[in-house]
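Notes for the structure review
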Amino acid sequence: MDDAIFNDLLKSTKDMVEHVKRRQRMDNTDTDEEVEVCVSCGADTQYKKSDHIDYRLGYIEGSGQLCAKCSYTRTFIKGIHT
Ligand SMILES: [Zn+2]
């Protein structure tokens, strides 16, 4: 295959993937609020950046938000050591 055609195809595929990703992100959230990402594993958490930290579980002051899984693991490990 001609390199130029292949590169064009690759680029348009990437553009399409990005477009779909953006659409999915918009469909999943009713608002355009940013979702907090887990500081440990990088997964989306159930919280938005606008959510008050007092109402959150798994939020570490000075570090950030943990997802449910990491929050559980962390509590579990802490439980062993104390
Ligand atoms: Zn996590």
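Structure: above.
These numbers were taken from a predicted model, which means no experiment stands behind them.

1. With respect to the overall build of the protein chain
The number of helices and strands found in the protein chain is two helices and four strands. If you list the helices and strands of the protein chain from N to C, you get α-β-β-β-β-α. Classification of the 82 residues of the protein chain by burial places 9% in the buried group. Across the protein chain, every contact between residues at least 6 apart in sequence was considered, and the portion connecting residues at least 24 apart equals 32%.

2. Here we look at the pairing of strand 2 (residues 44-48)
In terms of strand pairing, strand 1 (residues 35-37) meets strand 2 through two bridges, oriented antiparallel. In the sheet register, Val-35 faces strand 2, and the bridge partner there is Lys-48. Where strand 1 folds back on strand 2, the antiparallel hairpin that results is connected by six residues, among which Gly-42 adopts a positive phi of roughly 85 degrees.

Rules used throughout
- Residues numbered from 1 in each chain as written.
- Predicted model: local features only at pLDDT ≥ 70, side-chain atom pairs only at ≥ 80, totals over all residues.
- Helix = DSSP H or I, 4+ residues; strand = E, 2+ residues; numbered from the N terminus.
- Buried ≥ 20, exposed ≤ 12 C-beta atoms within 10 Å, placed from the backbone.
- Contact = placed C-beta atoms within 7 Å.
- Pairing = 2+ DSSP bridges.

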